[in-house]
Amino acid sequence: MDFDKPTDAIAEITVIGTGGGYGESCVIHLGLQKWVVVDSCIDPISKNSLPLQYLEDMGVNIDSDVVLILCTHWHDDHILGISQILEKCSQSKFSFAKANDKTKFLRMVANDYEKSFKGTTNSSTKEFNKCLEILEDRKSNPIMSYPDRILFSVNINGFMNQVFSLSPSDTAIHNFDLEISTIITEFGKSNRRIVPLSPNFNSVALFLKLGHHRAMLGGDLEVSTSDNTIGWDDVVNNSQSIDQRSSFFKIPHHGSVNAYHEKLWDKILSERIKAGLTPFNIGSKLPTSEMIEIYKNKSEELYITSALGKNRRPKKRGKAINKMIQDFKIDLEEIPFQFGIIRARINMNEANSDWSIECFGTAVKL
Amino acid sequence: MKINTDVTCNWILEEDFTKMSENKEVKQSFLKNLDNEISEKVKEFENFNLQLAYGEFLTRGLGTISDNNLKKEIDLQNLPFYFPQQLNAKRISASLNHTQNTQRWIGYVVSKTDQKFKAKLEDISNPGTFEIGVFDIKDDAPDEQELIQVGAVFYLSVGYDVSRGTNVKQKLIRFQRLSEWTENDFNHVMDRADRIASNLQWE
(Lines give C-alpha, C1' and ligand atoms only; values in the text may rest on other atoms or scores of the structure.)
Protein backbone atom coordinates (compact mmCIF):
# COMPACT_ATOMS: atom_id res chain seq x y z
CA MET A 1 0.00 0.00 0.00
CA ASP A 2 1.14 3.55 -0.72
CA PHE A 3 1.01 6.01 2.13
CA ASP A 4 1.85 9.69 2.16
CA LYS A 5 3.67 11.28 5.05
CA PRO A 6 1.77 13.95 7.05
CA THR A 7 3.12 17.48 7.15
CA ASP A 8 4.64 18.80 10.37
CA ALA A 9 1.40 20.36 11.67
CA ILE A 10 -0.74 17.28 11.09
CA ALA A 11 -1.11 14.80 13.92
CA GLU A 12 -1.78 11.21 13.03
CA ILE A 13 -2.98 8.15 14.89
CA THR A 14 -2.95 4.97 12.88
CA VAL A 15 -4.46 1.78 14.25
CA ILE A 16 -3.11 -1.39 12.65
CA GLY A 17 -4.97 -4.65 13.13
CA THR A 18 -4.48 -8.24 12.03
CA GLY A 19 -7.76 -9.83 13.03
CA GLY A 20 -6.51 -10.59 16.51
CA GLY A 21 -4.10 -13.47 16.26
CA TYR A 22 -1.04 -11.61 15.10
CA GLY A 23 -1.31 -8.51 17.19
CA GLU A 24 -2.22 -4.87 16.94
CA SER A 25 -0.33 -1.63 16.95
CA CYS A 26 -0.75 2.13 16.87
CA VAL A 27 1.54 4.57 15.12
CA ILE A 28 1.42 8.22 16.23
CA HIS A 29 2.73 11.36 14.59
CA LEU A 30 3.20 14.06 17.21
CA GLY A 31 4.16 16.66 14.62
CA LEU A 32 7.54 17.82 13.28
CA GLN A 33 8.23 14.24 12.13
CA LYS A 34 8.33 12.88 15.67
CA TRP A 35 6.87 9.37 15.64
CA VAL A 36 5.78 6.99 18.37
CA VAL A 37 5.04 3.29 17.94
CA VAL A 38 2.74 1.60 20.42
CA ASP A 39 2.98 -2.20 20.41
CA SER A 40 3.69 -4.29 17.36
CA CYS A 41 2.11 -6.93 15.17
CA ILE A 42 3.36 -9.09 12.33
CA ASP A 43 2.49 -10.51 8.97
CA PRO A 44 2.46 -14.26 9.84
CA ILE A 45 3.90 -15.22 6.46
CA SER A 46 6.79 -12.76 6.16
CA LYS A 47 7.12 -12.26 9.95
CA ASN A 48 7.72 -8.58 9.24
CA SER A 49 6.62 -6.01 11.78
CA LEU A 50 3.61 -4.21 10.30
CA PRO A 51 4.05 -0.82 12.02
CA LEU A 52 7.67 -0.79 10.87
CA GLN A 53 6.57 -1.61 7.35
CA TYR A 54 3.98 1.18 7.54
CA LEU A 55 6.58 3.74 8.59
CA GLU A 56 8.97 2.59 5.89
CA ASP A 57 6.23 2.71 3.24
CA MET A 58 5.60 6.35 4.21
CA GLY A 59 9.27 7.19 3.88
CA VAL A 60 9.77 8.09 7.54
CA ASN A 61 13.40 8.35 8.55
CA ILE A 62 13.24 5.34 10.84
CA ASP A 63 16.66 5.79 12.31
CA SER A 64 16.17 9.28 13.65
CA ASP A 65 12.48 10.18 13.69
CA VAL A 66 10.97 7.42 15.80
CA VAL A 67 11.35 8.82 19.30
CA LEU A 68 9.47 6.33 21.44
CA ILE A 69 8.47 2.68 21.25
CA LEU A 70 6.01 1.58 23.87
CA CYS A 71 5.06 -1.95 24.84
CA THR A 72 1.67 -1.67 26.56
CA HIS A 73 2.01 -5.19 27.95
CA TRP A 74 3.96 -8.20 26.84
CA HIS A 75 1.26 -10.48 25.50
CA ASP A 76 1.82 -12.17 22.16
CA ASP A 77 -0.89 -10.13 20.48
CA HIS A 78 0.82 -6.83 21.24
CA ILE A 79 4.53 -7.50 21.11
CA LEU A 80 5.32 -9.65 18.04
CA GLY A 81 7.96 -7.88 15.96
CA ILE A 82 8.64 -5.09 18.44
CA SER A 83 12.36 -5.94 18.62
CA GLN A 84 12.60 -5.42 14.84
CA ILE A 85 11.33 -1.87 15.35
CA LEU A 86 13.65 -1.11 18.26
CA GLU A 87 16.60 -2.52 16.32
CA LYS A 88 16.01 -0.18 13.38
CA CYS A 89 14.96 2.89 15.36
CA SER A 90 18.30 3.56 16.92
CA GLN A 91 17.35 6.91 18.48
CA SER A 92 14.16 5.68 20.05
CA LYS A 93 13.47 5.27 23.74
CA PHE A 94 11.69 2.12 24.91
CA SER A 95 8.97 2.10 27.51
CA PHE A 96 6.90 -0.54 29.28
CA ALA A 97 4.77 -0.91 32.41
CA LYS A 98 6.65 -0.43 35.64
CA ALA A 99 7.62 -3.42 37.77
CA ASN A 100 8.70 -2.49 41.30
CA ASP A 101 10.88 -5.53 41.85
CA LYS A 102 13.21 -5.19 38.90
CA THR A 103 15.36 -8.20 39.73
CA LYS A 104 12.44 -10.56 40.25
CA PHE A 105 10.80 -9.36 37.05
CA LEU A 106 14.00 -9.86 35.06
CA ARG A 107 14.49 -13.31 36.58
CA MET A 108 11.04 -14.32 35.43
CA VAL A 109 11.79 -13.06 31.93
CA ALA A 110 15.23 -14.71 31.89
CA ASN A 111 13.72 -17.98 33.13
CA ASP A 112 11.25 -18.02 30.25
CA TYR A 113 13.91 -16.97 27.76
CA GLU A 114 16.10 -19.90 28.81
CA LYS A 115 13.34 -22.15 27.51
CA SER A 116 13.98 -20.90 23.99
CA PHE A 117 16.89 -23.32 23.89
CA LYS A 118 14.38 -26.10 24.51
CA GLY A 119 11.79 -24.81 22.04
CA THR A 120 9.26 -23.84 24.68
CA THR A 121 9.57 -20.14 25.19
CA ASN A 122 6.84 -17.62 24.49
CA SER A 123 7.27 -15.32 21.52
CA SER A 124 6.52 -12.42 23.81
CA THR A 125 9.37 -13.26 26.16
CA LYS A 126 11.78 -13.71 23.27
CA GLU A 127 10.79 -10.34 21.85
CA PHE A 128 11.09 -8.68 25.23
CA ASN A 129 14.51 -10.22 25.81
CA LYS A 130 15.75 -9.04 22.45
CA CYS A 131 14.60 -5.54 23.33
CA LEU A 132 16.46 -5.68 26.65
CA GLU A 133 19.61 -6.83 24.85
CA ILE A 134 19.35 -3.97 22.35
CA LEU A 135 18.93 -1.50 25.20
CA GLU A 136 21.94 -3.03 26.98
CA ASP A 137 24.06 -2.64 23.86
CA ARG A 138 22.97 0.98 23.47
CA LYS A 139 23.31 1.71 27.16
CA SER A 140 19.81 3.13 26.95
CA ASN A 141 17.65 2.75 30.03
CA PRO A 142 13.98 1.82 29.59
CA ILE A 143 11.34 4.34 30.65
CA MET A 144 8.76 3.04 33.09
CA SER A 145 5.10 3.70 32.37
CA TYR A 146 2.81 4.52 35.30
CA PRO A 147 -0.05 6.96 35.94
CA ASP A 148 0.49 10.55 34.78
CA ARG A 149 4.02 9.94 33.53
CA ILE A 150 5.19 12.09 30.62
CA LEU A 151 6.87 9.64 28.27
CA PHE A 152 7.72 12.13 25.55
CA SER A 153 7.30 15.84 25.03
CA VAL A 154 7.94 18.17 22.09
CA ASN A 155 7.21 21.87 21.68
CA ILE A 156 5.44 22.59 18.41
CA ASN A 157 4.26 26.12 17.63
CA GLY A 158 3.97 26.93 21.32
CA PHE A 159 2.07 23.76 22.13
CA MET A 160 3.62 21.07 24.29
CA ASN A 161 2.66 17.93 22.47
CA GLN A 162 2.97 15.14 24.98
CA VAL A 163 2.52 11.43 25.49
CA PHE A 164 1.28 10.50 28.99
CA SER A 165 0.93 7.03 30.41
CA LEU A 166 -2.25 6.67 32.48
CA SER A 167 -1.71 3.17 33.86
CA PRO A 168 -0.97 0.67 35.37
CA SER A 169 -2.04 2.00 38.74
CA ASP A 170 0.08 1.66 41.87
CA THR A 171 -2.12 -1.22 43.05
CA ALA A 172 -1.87 -2.98 39.70
CA ILE A 173 1.92 -2.65 39.75
CA HIS A 174 2.01 -4.04 43.30
CA ASN A 175 -0.30 -6.92 42.34
CA PHE A 176 1.90 -7.74 39.38
CA ASP A 177 4.95 -7.94 41.65
CA LEU A 178 3.10 -10.60 43.64
CA GLU A 179 1.87 -12.34 40.49
CA ILE A 180 5.42 -12.79 39.20
CA SER A 181 6.06 -15.41 41.90
CA THR A 182 2.94 -17.28 40.86
CA ILE A 183 3.95 -17.14 37.19
CA ILE A 184 7.39 -18.54 37.98
CA THR A 185 5.87 -21.32 40.12
CA GLU A 186 3.12 -22.17 37.64
CA PHE A 187 4.92 -21.79 34.33
CA GLY A 188 8.59 -21.95 35.32
CA LYS A 189 9.06 -25.56 34.26
CA SER A 190 11.09 -26.11 31.16
CA ASN A 191 8.24 -27.57 29.06
CA ARG A 192 5.54 -25.00 29.78
CA ARG A 193 4.83 -21.68 28.18
CA ILE A 194 3.43 -18.76 30.11
CA VAL A 195 -0.28 -18.39 29.44
CA PRO A 196 -1.83 -15.20 30.83
CA LEU A 197 -4.71 -16.14 33.09
CA SER A 198 -5.75 -12.94 34.83
CA PRO A 199 -7.61 -9.92 33.45
CA ASN A 200 -5.41 -7.17 32.13
CA PHE A 201 -4.92 -4.41 34.65
CA ASN A 202 -1.22 -4.01 33.83
CA SER A 203 -1.68 -2.65 30.34
CA VAL A 204 -0.54 0.89 29.64
CA ALA A 205 -3.22 3.32 28.45
CA LEU A 206 -2.05 6.58 26.88
CA PHE A 207 -3.26 10.16 26.77
CA LEU A 208 -2.00 12.34 23.92
CA LYS A 209 -1.83 16.11 23.78
CA LEU A 210 -1.74 17.12 20.13
CA GLY A 211 -1.90 20.92 19.83
CA HIS A 212 -5.54 21.93 20.34
CA HIS A 213 -6.66 18.32 20.38
CA ARG A 214 -6.55 15.29 22.66
CA ALA A 215 -6.67 11.56 22.07
CA MET A 216 -6.59 8.41 24.13
CA LEU A 217 -5.28 4.92 23.37
CA GLY A 218 -6.74 2.25 25.60
CA GLY A 219 -4.21 -0.57 25.18
CA ASP A 220 -5.82 -3.67 26.67
CA LEU A 221 -6.77 -2.07 29.97
CA GLU A 222 -9.87 -3.57 31.56
CA VAL A 223 -12.36 -2.67 34.28
CA SER A 224 -12.28 -4.46 37.63
CA THR A 225 -15.57 -5.46 39.21
CA SER A 226 -14.08 -5.62 42.69
CA ASP A 227 -11.27 -3.08 43.02
CA ASN A 228 -11.58 0.55 41.97
CA THR A 229 -7.86 1.20 42.45
CA ILE A 230 -6.94 -0.70 39.30
CA GLY A 231 -7.89 -0.60 35.63
CA TRP A 232 -10.10 2.11 34.13
CA ASP A 233 -11.59 3.07 37.51
CA ASP A 234 -8.21 4.37 38.61
CA VAL A 235 -7.73 6.32 35.38
CA VAL A 236 -11.20 7.85 35.49
CA ASN A 237 -11.09 8.74 39.19
CA ASN A 238 -7.48 9.73 39.73
CA SER A 239 -5.77 10.88 36.56
CA GLN A 240 -4.14 14.32 36.83
CA SER A 241 -2.98 14.63 33.26
CA ILE A 242 -6.30 14.60 31.42
CA ASP A 243 -7.03 18.30 30.87
CA GLN A 244 -9.75 18.16 28.22
CA ARG A 245 -11.95 15.65 26.47
CA SER A 246 -10.43 13.38 23.87
CA SER A 247 -11.79 13.47 20.35
CA PHE A 248 -10.18 10.19 19.20
CA PHE A 249 -10.14 6.94 21.13
CA LYS A 250 -8.58 3.59 20.38
CA ILE A 251 -11.03 1.31 22.18
CA PRO A 252 -9.27 -1.10 24.55
CA HIS A 253 -9.20 -4.88 24.50
CA HIS A 254 -11.01 -5.47 21.22
CA GLY A 255 -14.11 -3.71 22.50
CA SER A 256 -14.85 -6.36 25.11
CA VAL A 257 -17.50 -5.74 27.77
CA ASN A 258 -14.73 -5.96 30.40
CA ALA A 259 -13.02 -2.94 28.91
CA TYR A 260 -16.10 -0.72 28.77
CA HIS A 261 -16.33 2.03 31.39
CA GLU A 262 -19.46 4.15 31.27
CA LYS A 263 -17.97 7.15 33.06
CA LEU A 264 -14.99 7.20 30.74
CA TRP A 265 -17.27 7.56 27.76
CA ASP A 266 -19.59 10.05 29.42
CA LYS A 267 -17.11 12.32 31.19
CA ILE A 268 -13.68 11.99 29.61
CA LEU A 269 -14.26 11.29 25.96
CA SER A 270 -15.84 13.85 23.67
CA GLU A 271 -19.51 13.48 22.76
CA ARG A 272 -18.40 13.68 19.14
CA ILE A 273 -15.67 11.13 19.55
CA LYS A 274 -14.31 9.13 16.68
CA ALA A 275 -13.21 5.70 17.72
CA GLY A 276 -11.29 2.78 16.30
CA LEU A 277 -10.85 -0.78 17.48
CA THR A 278 -9.27 -4.05 16.51
CA PRO A 279 -11.33 -7.27 16.64
CA PHE A 280 -10.36 -10.62 18.07
CA ASN A 281 -11.64 -12.89 15.34
CA ILE A 282 -10.95 -16.24 17.01
CA GLY A 283 -13.20 -18.55 19.01
CA SER A 284 -15.44 -16.33 21.13
CA LYS A 285 -15.09 -13.33 18.88
CA LEU A 286 -14.76 -9.74 20.07
CA PRO A 287 -16.45 -7.31 20.06
CA THR A 288 -19.92 -8.80 20.47
CA SER A 289 -22.78 -7.32 18.45
CA GLU A 290 -24.21 -5.86 21.70
CA MET A 291 -20.95 -4.00 22.40
CA ILE A 292 -20.74 -2.76 18.82
CA GLU A 293 -24.17 -1.20 19.26
CA ILE A 294 -23.09 0.48 22.51
CA TYR A 295 -19.92 1.87 20.91
CA LYS A 296 -21.85 3.07 17.87
CA ASN A 297 -24.28 4.92 20.11
CA LYS A 298 -21.49 6.47 22.11
CA SER A 299 -19.35 7.63 19.20
CA GLU A 300 -19.88 9.85 16.21
CA GLU A 301 -17.91 7.50 13.99
CA LEU A 302 -16.73 3.99 14.75
CA TYR A 303 -14.15 2.03 12.77
CA ILE A 304 -12.82 -1.51 12.98
CA THR A 305 -9.65 -2.88 11.36
CA SER A 306 -11.53 -5.93 10.01
CA ALA A 307 -15.06 -7.21 10.07
CA LEU A 308 -15.83 -10.21 12.22
CA GLY A 309 -15.92 -13.49 10.32
CA LYS A 310 -18.95 -15.68 10.80
CA ASN A 311 -17.69 -19.12 9.95
CA ARG A 312 -14.86 -21.22 11.26
CA ARG A 313 -12.48 -22.01 8.47
CA PRO A 314 -9.80 -24.69 8.29
CA LYS A 315 -6.44 -23.75 6.83
CA LYS A 316 -6.02 -24.45 3.12
CA ARG A 317 -3.92 -27.54 2.52
CA GLY A 318 -3.54 -30.28 -0.05
CA LYS A 319 -6.41 -32.71 -0.52
CA ALA A 320 -4.61 -35.68 1.01
CA ILE A 321 -3.72 -33.78 4.18
CA ASN A 322 -7.20 -32.29 4.45
CA LYS A 323 -8.73 -35.74 4.12
CA MET A 324 -6.50 -37.07 6.84
CA ILE A 325 -7.41 -34.19 9.15
CA GLN A 326 -11.09 -34.89 8.49
CA ASP A 327 -10.69 -38.64 8.92
CA PHE A 328 -9.01 -38.15 12.28
CA LYS A 329 -11.70 -35.59 13.22
CA ILE A 330 -9.11 -33.03 14.21
CA ASP A 331 -11.04 -29.90 15.13
CA LEU A 332 -8.98 -27.03 13.70
CA GLU A 333 -9.73 -23.37 13.04
CA GLU A 334 -7.31 -21.13 11.24
CA ILE A 335 -6.54 -17.85 12.95
CA PRO A 336 -7.19 -15.51 10.03
CA PHE A 337 -4.78 -12.77 9.07
CA GLN A 338 -6.81 -9.66 8.29
CA PHE A 339 -4.57 -6.68 7.70
CA GLY A 340 -6.47 -3.46 8.21
CA ILE A 341 -5.44 0.11 8.90
CA ILE A 342 -7.50 2.97 10.35
CA ARG A 343 -5.69 6.24 9.77
CA ALA A 344 -6.86 9.37 11.61
CA ARG A 345 -5.33 12.78 10.92
CA ILE A 346 -6.02 16.23 12.31
CA ASN A 347 -4.56 19.72 11.99
CA MET A 348 -3.12 20.44 15.42
CA ASN A 349 -2.98 24.21 14.93
CA GLU A 350 -6.70 24.68 14.27
CA ALA A 351 -9.04 24.32 17.22
CA ASN A 352 -12.03 23.68 14.96
CA SER A 353 -10.44 21.05 12.80
CA ASP A 354 -11.79 17.54 12.95
CA TRP A 355 -10.28 14.11 12.51
CA SER A 356 -10.14 12.92 8.93
CA ILE A 357 -10.30 9.14 8.90
CA GLU A 358 -9.36 6.74 6.13
CA CYS A 359 -9.53 2.96 6.01
CA PHE A 360 -7.06 0.67 4.26
CA GLY A 361 -6.96 -3.07 3.72
CA THR A 362 -9.73 -4.83 5.61
CA ALA A 363 -10.62 -1.82 7.82
CA VAL A 364 -14.21 -0.55 7.62
CA LYS A 365 -16.53 2.00 9.17
CA LEU A 366 -19.24 0.42 11.31
CA MET B 1 14.84 -49.85 23.83
CA LYS B 2 12.44 -50.21 20.95
CA ILE B 3 11.20 -47.53 18.65
CA ASN B 4 7.45 -47.67 18.99
CA THR B 5 6.17 -45.74 16.04
CA ASP B 6 7.53 -43.78 13.17
CA VAL B 7 5.75 -40.68 14.36
CA THR B 8 7.43 -40.92 17.72
CA CYS B 9 10.83 -40.88 16.08
CA ASN B 10 9.76 -37.96 14.01
CA TRP B 11 8.87 -36.15 17.18
CA ILE B 12 12.14 -36.98 18.87
CA LEU B 13 14.14 -35.73 15.93
CA GLU B 14 12.09 -32.60 15.62
CA GLU B 15 12.34 -31.84 19.29
CA ASP B 16 16.08 -32.11 19.15
CA PHE B 17 16.36 -29.78 16.19
CA THR B 18 14.07 -27.32 17.88
CA LYS B 19 16.39 -27.27 20.83
CA MET B 20 19.28 -26.42 18.58
CA SER B 21 17.43 -23.96 16.45
CA GLU B 22 18.84 -20.98 18.33
CA ASN B 23 22.34 -21.90 17.36
CA LYS B 24 22.91 -22.40 13.64
CA GLU B 25 26.50 -23.49 13.99
CA VAL B 26 25.65 -26.27 16.42
CA LYS B 27 22.80 -27.38 14.20
CA GLN B 28 24.92 -27.39 11.07
CA SER B 29 27.70 -29.22 12.82
CA PHE B 30 25.24 -31.81 14.10
CA LEU B 31 23.82 -32.38 10.62
CA LYS B 32 27.23 -32.58 9.04
CA ASN B 33 28.49 -35.12 11.52
CA LEU B 34 25.34 -37.14 11.27
CA ASP B 35 25.45 -37.16 7.48
CA ASN B 36 29.10 -38.19 7.47
CA GLU B 37 28.44 -41.03 9.86
CA ILE B 38 25.44 -42.18 7.88
CA SER B 39 27.32 -42.01 4.59
CA GLU B 40 30.01 -44.25 6.04
CA LYS B 41 27.52 -46.64 7.49
CA VAL B 42 25.40 -46.81 4.36
CA LYS B 43 28.30 -48.42 2.54
CA GLU B 44 27.90 -51.39 4.85
CA PHE B 45 24.21 -51.75 4.23
CA GLU B 46 22.20 -52.95 1.28
CA ASN B 47 19.32 -50.71 0.23
CA PHE B 48 16.92 -52.89 2.15
CA ASN B 49 18.63 -52.02 5.39
CA LEU B 50 19.24 -48.38 4.68
CA GLN B 51 16.67 -47.17 7.14
CA LEU B 52 18.16 -49.33 9.82
CA ALA B 53 21.33 -47.33 9.53
CA TYR B 54 19.46 -44.09 9.77
CA GLY B 55 17.41 -45.33 12.67
CA GLU B 56 20.51 -46.31 14.56
CA PHE B 57 22.31 -43.05 14.00
CA LEU B 58 19.36 -40.82 14.66
CA THR B 59 18.53 -42.47 17.91
CA ARG B 60 22.16 -42.75 18.90
CA GLY B 61 22.74 -39.15 17.92
CA LEU B 62 20.08 -38.13 20.40
CA GLY B 63 21.66 -40.21 23.11
CA THR B 64 18.53 -42.17 23.86
CA ILE B 65 19.81 -45.62 22.93
CA SER B 66 22.98 -47.24 24.06
CA ASP B 67 22.02 -50.83 23.54
CA ASN B 68 24.58 -52.73 21.51
CA ASN B 69 21.87 -55.05 20.26
CA LEU B 70 19.98 -52.20 18.70
CA LYS B 71 19.94 -53.74 15.24
CA LYS B 72 18.15 -56.81 16.47
CA GLU B 73 15.57 -54.84 18.40
CA ILE B 74 14.51 -52.41 15.73
CA ASP B 75 11.51 -53.67 13.88
CA LEU B 76 11.88 -52.80 10.22
CA GLN B 77 8.22 -51.83 10.03
CA ASN B 78 8.67 -49.29 12.78
CA LEU B 79 11.59 -47.24 11.63
CA PRO B 80 11.96 -43.48 11.48
CA PHE B 81 10.42 -41.95 8.44
CA TYR B 82 11.41 -38.33 8.44
CA PHE B 83 14.79 -36.91 7.68
CA PRO B 84 15.74 -33.42 6.63
CA GLN B 85 16.85 -32.91 3.07
CA GLN B 86 20.42 -32.54 4.16
CA LEU B 87 20.35 -36.21 5.03
CA ASN B 88 19.65 -37.41 1.52
CA ALA B 89 15.94 -37.81 1.94
CA LYS B 90 15.62 -39.09 -1.62
CA ARG B 91 17.40 -42.28 -0.76
CA ILE B 92 15.10 -42.80 2.18
CA SER B 93 11.91 -42.32 0.22
CA ALA B 94 13.08 -44.94 -2.23
CA SER B 95 13.39 -47.54 0.46
CA LEU B 96 10.73 -49.92 1.63
CA ASN B 97 9.39 -48.06 4.63
CA HIS B 98 8.59 -44.37 4.60
CA THR B 99 5.76 -41.93 5.09
CA GLN B 100 3.90 -39.70 2.69
CA ASN B 101 1.93 -36.50 3.11
CA THR B 102 3.17 -35.82 6.58
CA GLN B 103 1.75 -32.82 8.35
CA ARG B 104 3.21 -31.62 11.62
CA TRP B 105 2.39 -28.96 14.18
CA ILE B 106 3.82 -27.68 17.43
CA GLY B 107 1.28 -26.36 19.89
CA TYR B 108 0.63 -25.46 23.47
CA VAL B 109 -2.41 -25.82 25.69
CA VAL B 110 -4.30 -22.58 26.24
CA SER B 111 -7.19 -24.00 28.27
CA LYS B 112 -8.37 -27.32 29.60
CA THR B 113 -11.48 -29.01 30.97
CA ASP B 114 -11.89 -32.57 32.26
CA GLN B 115 -12.67 -33.89 28.78
CA LYS B 116 -11.02 -31.54 26.32
CA PHE B 117 -8.15 -29.18 25.85
CA LYS B 118 -7.81 -26.21 23.55
CA ALA B 119 -4.47 -25.42 21.96
CA LYS B 120 -2.79 -22.86 19.76
CA LEU B 121 -0.94 -24.60 16.95
CA GLU B 122 1.88 -23.54 14.67
CA ASP B 123 2.19 -25.39 11.39
CA ILE B 124 5.73 -26.76 11.11
CA SER B 125 5.23 -28.30 7.67
CA ASN B 126 3.94 -25.11 6.08
CA PRO B 127 4.66 -22.17 8.40
CA GLY B 128 2.34 -19.20 8.27
CA THR B 129 -0.94 -18.60 9.99
CA PHE B 130 -1.65 -20.20 13.36
CA GLU B 131 -4.54 -22.49 14.20
CA ILE B 132 -6.71 -23.20 17.21
CA GLY B 133 -7.48 -26.87 17.87
CA VAL B 134 -9.77 -28.60 20.31
CA PHE B 135 -8.79 -32.13 21.34
CA ASP B 136 -10.47 -34.86 23.29
CA ILE B 137 -8.18 -35.91 26.10
CA LYS B 138 -9.25 -39.56 26.25
CA ASP B 139 -9.39 -40.12 22.49
CA ASP B 140 -6.47 -38.00 21.31
CA ALA B 141 -3.93 -38.22 24.11
CA PRO B 142 -4.91 -41.07 26.43
CA ASP B 143 -1.37 -41.69 27.63
CA GLU B 144 -0.49 -38.04 28.14
CA GLN B 145 -3.18 -37.00 30.59
CA GLU B 146 -0.89 -36.02 33.41
CA LEU B 147 1.16 -33.84 31.05
CA ILE B 148 -1.83 -31.90 29.76
CA GLN B 149 -1.61 -28.63 31.62
CA VAL B 150 -2.13 -25.05 30.55
CA GLY B 151 1.07 -23.93 28.83
CA ALA B 152 2.27 -27.49 28.09
CA VAL B 153 3.95 -27.84 24.70
CA PHE B 154 3.12 -30.77 22.41
CA TYR B 155 3.67 -32.04 18.89
CA LEU B 156 0.90 -33.21 16.59
CA SER B 157 1.63 -35.30 13.50
CA VAL B 158 -0.50 -36.96 10.87
CA GLY B 159 0.73 -38.90 7.88
CA TYR B 160 0.52 -42.04 5.79
CA ASP B 161 2.95 -44.65 7.00
CA VAL B 162 3.96 -46.68 3.95
CA SER B 163 5.12 -50.01 5.17
CA ARG B 164 6.12 -52.54 2.51
CA GLY B 165 3.54 -51.14 0.12
CA THR B 166 0.73 -50.80 2.64
CA ASN B 167 -0.58 -47.33 3.55
CA VAL B 168 -1.59 -46.80 7.15
CA LYS B 169 -2.86 -43.44 8.42
CA GLN B 170 -1.21 -42.30 11.61
CA LYS B 171 -1.93 -39.52 14.07
CA LEU B 172 0.06 -38.82 17.17
CA ILE B 173 -0.02 -36.23 19.91
CA ARG B 174 3.14 -36.23 21.91
CA PHE B 175 3.68 -33.85 24.83
CA GLN B 176 7.13 -32.44 25.30
CA ARG B 177 9.18 -34.20 27.94
CA LEU B 178 12.11 -32.16 29.06
CA SER B 179 14.45 -32.56 31.92
CA GLU B 180 13.98 -30.24 34.87
CA TRP B 181 16.27 -27.26 35.15
CA THR B 182 19.80 -28.22 36.08
CA GLU B 183 21.84 -26.17 38.48
CA ASN B 184 23.73 -24.80 35.50
CA ASP B 185 20.51 -23.78 33.74
CA PHE B 186 19.33 -22.08 36.89
CA ASN B 187 22.62 -20.27 37.40
CA HIS B 188 22.53 -19.14 33.79
CA VAL B 189 19.08 -17.64 34.31
CA MET B 190 20.14 -15.84 37.46
CA ASP B 191 23.35 -14.53 35.91
CA ARG B 192 21.54 -13.22 32.87
CA ALA B 193 18.84 -11.49 34.93
CA ASP B 194 21.36 -9.99 37.32
CA ARG B 195 23.55 -8.75 34.45
CA ILE B 196 20.64 -6.97 32.79
CA ALA B 197 19.47 -5.61 36.14
CA SER B 198 22.87 -4.06 36.79
CA ASN B 199 23.25 -2.69 33.25
CA LEU B 200 19.80 -1.15 32.89
CA GLN B 201 18.30 1.33 35.29
CA TRP B 202 14.53 1.77 35.41
CA GLU B 203 13.89 5.42 34.50
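Just so it is clear, the structure is predicted and the values come from calculations on it, not from any experiment. (Residues numbered from 1 in each chain as written. Chains lettered and ligands numbered in written order. Predicted model: local features only at pLDDT ≥ 70, side-chain atom pairs only at ≥ 80, totals over all residues. Heavy atoms only, no water.)

**Here's the deal with the overall build of chain B**
Inference 1: When helices and strands are counted, chain B shows seven helices and five strands.
Inference 2: Partitioning the intrachain contacts of chain B with sequence separation of at least 6 by distance along the chain shows that 55% fall at a separation of at least 24.
Inference 3: About 10500 Å² of surface is accessible on chain B, with carbon and sulfur atoms providing 44% of the total. (Helix = DSSP H or I, 4+ residues; strand = E, 2+ residues; numbered from the N terminus. Contact = heavy atoms within 4.5 Å. Areas by Shrake-Rupley, 256 points an atom, 1.4 Å probe, with all protein chains shown as cover.)

**Considerations on the nonpolar core**
Inference 1: Within the largest apolar cluster, 57 residues are counted, with the highest numbers of intra-cluster contacts made by L55, I69, F94, F105 and F128 of chain A.
Inference 2: In this structure, F94 of chain A is in contact with I69, C71, I82, L86, F128, C131, L135, P142 and I143 of chain A, ignoring residues within four places of it in sequence. (Core = buried A, V, L, I, M, F, W, Y, C linked by side-chain atoms within 4.5 Å. Buried < 20%, exposed > 50% of the residue type's maximum accessible area, 1.4 Å probe, protein only.)

**What about the interface of chain A and chain B?**
Inference 1: Counting residues at the interface gives 61 residues for chain A, matched by 55 residues for chain B.
Inference 2: Viewed at the interface, chain B and chain A are joined by eight salt bridges.
Inference 3: Here R195 of chain B makes a salt bridge to E136 of chain A, at a shortest N to O gap of 2.8 Å.
Inference 4: Inspection of the chain A/chain B interface yields 25 residue pairs in polar contact (both at pLDDT 80 or more).
Inference 5: Elements with a contribution of two residues or more to the side of chain A that touches chain B: β5 (93-97), α5 (102-114), α6 (123-138), β6 (143-145), α11 (319-327) and β14 (331-334) of chain A.
Inference 6: The class makeup of the residues in the side of chain A that touches chain B is 28 nonpolar, 12 polar and 21 charged.
Inference 7: Here β14 of chain A runs beside strand β3 (residues 130-136) of chain B; their pairing, made up of four bridges, is antiparallel. (Salt bridge = Lys/Arg side-chain N within 4 Å of Asp/Glu carboxyl O. Polar contact = N/O pair within 3.5 Å; in protein donor to acceptor, adjacent residues only side chain to side chain. Nonpolar A, V, L, I, M, F, W, Y, C, P; charged D, E, K, R; others polar. Pairing = 2+ DSSP bridges.)

**Regarding unusual backbone geometry**
All names here are of chain A.
Inference 1: The omega torsion across S167 and P168 is 5°, close enough to zero to call that bond cis.
Inference 2: In this fold, P168 is placed in the loop between β8 (159-165) and α7 (170-187).
Inference 3: Cis geometry is adopted by the peptide bond preceding P287, which originates at L286 and carries an omega value of -5°.
Inference 4: By the element assignment, P287 lies in the loop between β12 (269-277) and α10 (289-298).

This is a description of form; function is not addressed.
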